[in-house]
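# Architecture at a glance
What follows is the residue order along each chain.
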Amino acid sequence: MYSLLNADRPPVFCPGCSHDRITRALDRALLDAGLKGEQIVIVSDIGCSGLFDTFFNTHAFHGLHGRALTYATGLKMAQPELNVIVTMGDGGLGIGGAHVLSACRRNLDVTLLVLNNFNFGMTGGQFSATTPWTSRVGSGFLNQLERPLDVCRVAASAGAAYVRRCSSYAKNLSKEIENAIRFQGFSILDIWGICPGRYTKRNRLTPQIIEESLAQMPAVDAPIPENQREEYGRHYRKLAAELRPVPLPKKIEAQFEPPERQRRGVMILGSAGQRIITAGEILCLTGLFAGLQTTQKNEYNITVLRGPSITEVILSPDKIGYTGIHRPDVILALSQEGVARRTAVFETLDNTALVIQAPEVTVPSCKAKIHTADFKSQKIKSADWALAALAVLAKMNRVIHTRMLTAALNFKFKNKILESSLELVERVNRAEQAPK
Amino acid sequence: MGFCLMEGNEAIAWGAVASGCRFFAGYPITPATTIFNTMLKLLPPVGGVCLQGEDEIASIGYCLGASMGGMKVMTATSGPGISLYSEHISFAIGSEIPIVIVDVQRLGPSTGSATRGADGDIQFLRWGNSAGLPVIVLAPADAGDCYSLTIHAFNLAEEFRCPVFIASNKEIAVTRENVDLDALERPKIIERPMPPEGNPFIPFETPSGISAPYFLPIGGDVIVRQTSSTHGADGYITTDSDEIARFQERLGNKLISAVKRFSFYEFYPEEGADTLVLTYGITARAARDVHREKKLSGKPVSLLILKTLWPVPETLIREKAEPVKRVVVAEMNIGQYVREIQRVLPNKTVDFLGRMDGRLISPQQIIETIDHV
Ligand code: SF4
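Only a predicted model underlies this, so the values are computations on that prediction, with no experimental measurement involved. (Residues numbered from 1 in each chain as written. Chains lettered and ligands numbered in written order. Predicted model: local features only at pLDDT ≥ 70, side-chain atom pairs only at ≥ 80, totals over all residues. Heavy atoms only, no water.)

Burial of nonpolar side chains together is a common tendency in soluble globular proteins. Core analysis: the largest hydrophobic core is formed by 162 residues, its most contacted members being A:Val43, B:Phe23, B:Met39 and B:Met74. Top element by residues in this core is helix α6 (residues 143–160) of chain B. It accounts for 10 residues. With sequence-adjacent residues up to four places away left out, B:Met39 is seen in contact with B:Ala13, B:Ala16, B:Val17, B:Cys21, B:Phe24, B:Pro44, B:Cys50 and B:Met74. One finds A:Ile320, A:Leu349, A:Ile380 and A:Ala394 within the second-largest nonpolar core, a separate group that totals 65 residues. (Core = buried A, V, L, I, M, F, W, Y, C linked by side-chain atoms within 4.5 Å. Buried < 20%, exposed > 50% of the residue type's maximum accessible area, 1.4 Å probe, protein only. Helix = DSSP H or I, 4+ residues; strand = E, 2+ residues; numbered from the N terminus. Contact = heavy atoms within 4.5 Å.)

Attention now moves to the pairing of strand β3 (residues 49–52) of chain B. All names here are of chain B. In this sheet, β3 lies alongside strand β2 (residues 21–26) in parallel orientation, the contact comprising four bridges. Bridge assignment links Ala25 to a residue of β3, and that residue is Leu51. Since β2 and β3 lie parallel, the crossover through helix α2 (residues 33–42) that links them has a hand, and here it is right-handed. (Pairing = 2+ DSSP bridges. Right-handed = clockwise from strand over helix to strand, strands pointing away.)

Residues and elements named next belong to chain B. In terms of domains, chain B is made up of domain 1 (1–262) and domain 2 (266–371). Facing the 30 residues of domain 1 at the interface are 26 residues of domain 2. Between domain 1 and domain 2, a total of about 2300 Å² is buried, with carbon and sulfur atoms accounting for 58% of that surface. The three residues of domain 1 that bury the most area against domain 2 are Asp119, Ile122 and Gln123, which together make up 24% of that side's buried surface. Taken together, domain 1 and domain 2 are joined by three salt bridges. Salt-bridge contacts for Arg288 lead to Asp142; the nearest nitrogen and oxygen are separated by 3.8 Å. In this structure, the connection of domain 1 to domain 2 is made through 14 residue pairs in polar contact (both at pLDDT 80 or more). Among the secondary structure elements, those contributing two or more residues to the side of domain 1 that touches domain 2 are β6 (113–117), α5 (122–127), β7 (136–138), α6, α7 (170–173) and α8 (241–256). In the side of domain 1 that touches domain 2, the residues fall into 16 nonpolar, five polar and nine charged. (Domains from an automatic or database assignment. Buried area = accessible area lost by both parts, 1.4 Å probe. Salt bridge = Lys/Arg side-chain N within 4 Å of Asp/Glu carboxyl O. Polar contact = N/O pair within 3.5 Å; in protein donor to acceptor, adjacent residues only side chain to side chain. Nonpolar A, V, L, I, M, F, W, Y, C, P; charged D, E, K, R; others polar.)

Next up on the list: the pattern of salt bridges. A full pass over the atoms with the stated rule returns 51 salt bridges over all chains. A salt bridge links A:Lys381 to A:Asp384; the nearest nitrogen and oxygen atoms lie 3.3 Å apart. Taking relative accessible area as the criterion, A:Lys381 reaches 55% and is therefore assigned exposed. Classification of A:Asp384 by relative accessible area gives buried; the value is 17%. For B:Lys254, the salt bridge identified is with B:Glu96, shortest N-O distance 2.8 Å. Linking B:Lys254 in helix α8 with B:Glu96 in the loop between α4 (79–94) and β5 (99–107), this pair joins segments that are 158 residues apart in sequence. The exposure classification of B:Lys254 matches that of B:Glu96, with both residues buried. Taken together, the salt bridges that share partners define one network made up of A:Lys319, B:Asp142, B:Asp145, B:Glu266, B:Arg288 and B:Lys307.

What follows concerns the sheet that holds strand β11 (residues 354–357) of chain A. Spatial strand order, β12(A)-β11(A)-β10(A)-β7(A)-β9(A)-β8(A)-β9(B)-β1(B): eight strands in an open sheet with mixed pairing. Bordering the open sheet on either side are β12 (369–372) of chain A together with β1 (4–7) of chain B, each of which pairs with just one other strand. Between one strand and the next, the sheet's axes are offset by a mean angle of 20°, whatever the strand orientation. Relative to strand β9 (residues 308–316) of chain A, strand β7 (residues 264–271) of chain A runs antiparallel, the two sharing eight bridges. The partner of A:Arg264 across the bridge, within β9(A), is A:Leu315. (Axes fitted to C-alpha atoms, helices over the stretch in contact; angles between N-to-C directions.)

Residues and elements named next belong to chain A. Per the counting criterion, the structure on display carries six cavities of 30 Å³ or more. The calculated volume of the largest cavity comes to roughly 50 Å³. What lines the largest cavity is Lys76, Leu82, Asn83, Val84, Ile85, Asp109, Thr111 and Ile181. Looking at which element gives the most residues to the lining of the largest cavity, the answer is strand β3 (residues 83–89), with three residues. Residues of the lining of the largest cavity, tallied by class, amount to four nonpolar, two polar and two charged. (1 Å grid on protein atoms, 1.4 Å probe; cavity = no way out; pocket = protein on both sides within 12 Å on 5 of 7 lines; lining within 4 Å. Points joined across faces, edges and corners; volume = space filled by probe spheres on them.)

Turning our attention to the interface of chain A and chain B. Counting residues at the interface gives 66 residues for chain A, matched by 71 residues for chain B. At the boundary of chain A with chain B, total buried surface from both sides reaches about 5500 Å², with 58% on carbon and sulfur atoms. When the buried surface of chain A facing chain B is broken down by residue, A:His59, A:Leu64 and A:Tyr322 rank first, second and third, together holding 11% of it. For the pair chain A and chain B, the number of links is eight salt bridges. Residues A:Glu299 and B:Arg116 are paired through a salt bridge, measuring 3.6 Å at the closest nitrogen-oxygen approach. There are 29 residue pairs in polar contact (both at pLDDT 80 or more) connecting chain A and chain B. Looking at the side of chain A that touches chain B, the elements with two or more residues in it are β2 (59–62), α2 (68–78), α4 (97–106), α9 (232–241), α10 (276–288) and β8 (293–300) of chain A.

All names here are of chain A. At a minimum axis distance of 10 Å, the contact between helix α14 (residues 402–412) and helix α15 (residues 415–433) shows a crossing angle of 165°. One way to sum up the angle between α14 and α15 is to call them roughly antiparallel. With respect to the hand of their crossing, α14 and α15 are arranged in right-handed fashion. Residues Thr402, Leu405, Thr406, Leu409 and Asn410 of α14 lie in contact with α15, whose contacting residues are Leu418, Ser421, Leu422, Val425 and Asn429. Looking at the contact of α14 with α15 residue by residue, the class counts come to five nonpolar, five polar and no charged. (Parallel < 35°, antiparallel > 145°, perpendicular 65-115°, else oblique. Left-handed = near helix turned anticlockwise from the far one by under 90°.)

Residues and elements named next belong to chain B. Compared with the 26 Å implied by 1.5 Å per residue over 18 residues, the 25 Å span of α6 between its first and last C-alpha is a close match. With 18 of its 18 residues buried, α6 lies for the most part within the structure. At the N-terminal end of α6, a side-chain oxygen is found 3.2 Å from the backbone nitrogen of Gly144, two or three residues along, and the residue is Asp142. (Expected span 1.5 Å × (residues − 1).)

Moving on: the pairing of strand β5 (residues 162–167) of chain A. Residue and element names in this part refer to chain A. In terms of residue burial, β5 counts as a mostly covered element, since five of its six residues are buried. Note: β5 against strand β6 (residues 187–192), six bridges, orientation parallel. Its bridge partner being in β6, Cys166 is matched across the sheet by Ile191. Regarding topology, helix α6 (residues 173–182) serves as the crossover connection from β5 to the parallel β6, and that connection is right-handed.

Residue and element names in this part refer to chain B. Two elements in contact, helix α1 (residues 8–19) and α2, have axes whose closest approach is 8 Å; the angle formed by their N-to-C orientations is 40°. In terms of axis orientation, α1 runs oblique to α2. In this structure, the crossing between α1 and α2 has a hand that is right-handed. Residues Asn9, Glu10, Ile12, Ala13, Trp14, Ala16 and Val17 of α1 touch α2, and the partners they reach there are Thr34, Ile35, Thr38, Met39 and Leu42. Looking at the contact of α1 with α2 residue by residue, the class counts come to eight nonpolar, three polar and one charged.

Residue and element names in this part refer to chain B. Residue Gly108 is joined to Pro109 through a cis peptide bond whose omega torsion reads 0°. Along the chain, the position of Pro109 falls in the loop between β5 and β6. Note that the residue after Trp310, namely Pro311, is joined by a cis bond; omega there is -15°. On the secondary structure map, Pro311 appears in the loop between β14 (308–310) and α10 (314–321). A positive phi angle, close to 55°, is found at Glu96, a residue other than glycine. Overall, the relative accessible area of 0% leaves Glu96 in the buried class.

Residue and element names in this part refer to chain B. Turning to α10, its buried residues number three or more, namely Leu316, Ile317, Lys320 and Ala321. Each buried residue of α10 sits inside an arc of 115° when the element is viewed along its axis, so together they form one side. Residues of α10 that are buried sit in contact with β11 (265–268), β12 (275–280), β13 (302–306), β15 (326–331) and α11 (338–344). (Arc of directions from axis to C-beta.)

Listed below in structure tokens is the structure:
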């Protein structure tokens, strides 16, 4: 009879091991499903279940403990036509728990066969995630302290579309496996078995007891109606097909002569919510419109809406090496906590430096020229101060000028935001012109 | 000529796509996240796959599966994630699975400082596998390098069937700068070597003269085996110690014997200089300023910027250091790569400048180290 079993490598399990029955039932199931070796990959975990891939004339992937589902996911996404079957013990189930949960949630068309024999066979019969607390195991009394996991109930509540339990001794085992393989989505089959090498040396377990225990378990009957949905891979490709390819970032050609053709360092000291980083990017773009090179280095707290936010922008006619700013040419001081982060830098300023200071922000005494911008009476809200300060800088014709700034805004923004930012620059221009 | 603005992380993503990378999986982590964000924008619309793993172990596991399925794959993380990748890095080395791994280094140890830079993983990347086998590590200095070295990284991963690391740094990764896309080096794209037709396919057979076994994907018409266990040419477990020894030796040699072909660097020699500044990564940028300043001041120093860190490009280092008495090594840690330089140049004075407090090494500090005799 035709078989996918590798005649040169017969199963090598201990006599009476239920893995042996599962191997043969899997072979039967694959044939009954009409599959050829090259249409299948067996992804095997670690432990005695990790030997499965070697017994079959199919594609094979044997990897690390508990991680079989991760390779299965990558393989299935790369080869959507491939039938991906994972064999994993109750050990792999425990160590790879996060992967089991996300496979259930994801519903990628992969079949997981859990070869559940209630202990770690290969390493000496230690307790696993499914060992009853009454069992005698290789981990002393420790299993008495933990409850066994019912993987089926966990899988069902995690969203697995197909969940079933069965015995290795079930007459229809190959049919059970075939049904799980045929299911279009993530299927999990929890196959209870006997490990004579370790477990039944000290615990009584027979096909009969398994049968009785299974009958007492809460019912799970695949497919789970409330978990039915589109298969992940197909769904992924459908959503992806609606997306448009992203073009390479647009190049900016020099259009203006900058007010100063020298290396200039600008520090913007503000707070989260003041759009400091965006202002830094606009300043960089402003430089590109004058053919300058530029870097922008940021510092912010990992809390997005609180704490200081600082950006350091260099504009230079030459290639920029060091991206730090030892002595800034301009500081835009927009919040007290931003200034506090860089107190020491004010000492470095000489009388060629410029500080543009927002209302109610005080800076340490220094040699720089201080310009206080009256954003409050101009009714500019704090979130716009960074852009407004750039407009002031441009109006003063320091580092940038207004045409450079307008070009950058036109490049960066569209529609409403563009309109309001241009309007803001205009408003600042008018106010800065008016006599104080 | 015109410039666009790009972060190092974005440049890596664009480089990956240009290399033919069509699979990315990652787990969000500062400061590597914008690689994931960019790949998510770039890949799905062109038929590629970008996944967010449930953790770092899963993310690299997906990549290994997809790579064996025939795709060019990449993942990106930072120190804490590299720690979790370790077991899978060993797998990729031992089972010859091509993958590009970006480590956007941040200040460690442990969770350390998420938003501060360092080059603290340089020895970890080399030795973070459970057999101590060599790996390839490339180190960009700016966004342009991020683009070009990523293409090199894919070429090397495909040719040698191995993990290739890009040792980036927060200070390159999320620093925005001008890039002239037309002026960037675009290496020719190399594909995984497929077996010649005719002979039966033996998954790990390595005919002499090629670096790594021929590749066929899992899921193709020919049956392929992959295993993390110590294997013979047929991809089944072997206990033959001669075969095991040959296998280990080949994995070691395939990279070390070829490093001359991929020793990337910038070199600025100065006539009569008795000091060579040797550095890599973000610190290279301060060193370029120093090189220019020292030249103007009439006391020039030579400068060697390494872009291939592992395997150590020993021949290159010896050759470039030959005319000088003294080498100043500057790196953003408390002394990692300097050990290699001391090993390779036992007869030179090697002075060290390190910094690991979240701030960049400044040109001034390098000058002070040079001038302090
Ligand atoms: S140790 Fe247990 S699971 Fe492993 S082969 Fe023996 S009986 Fe089977």
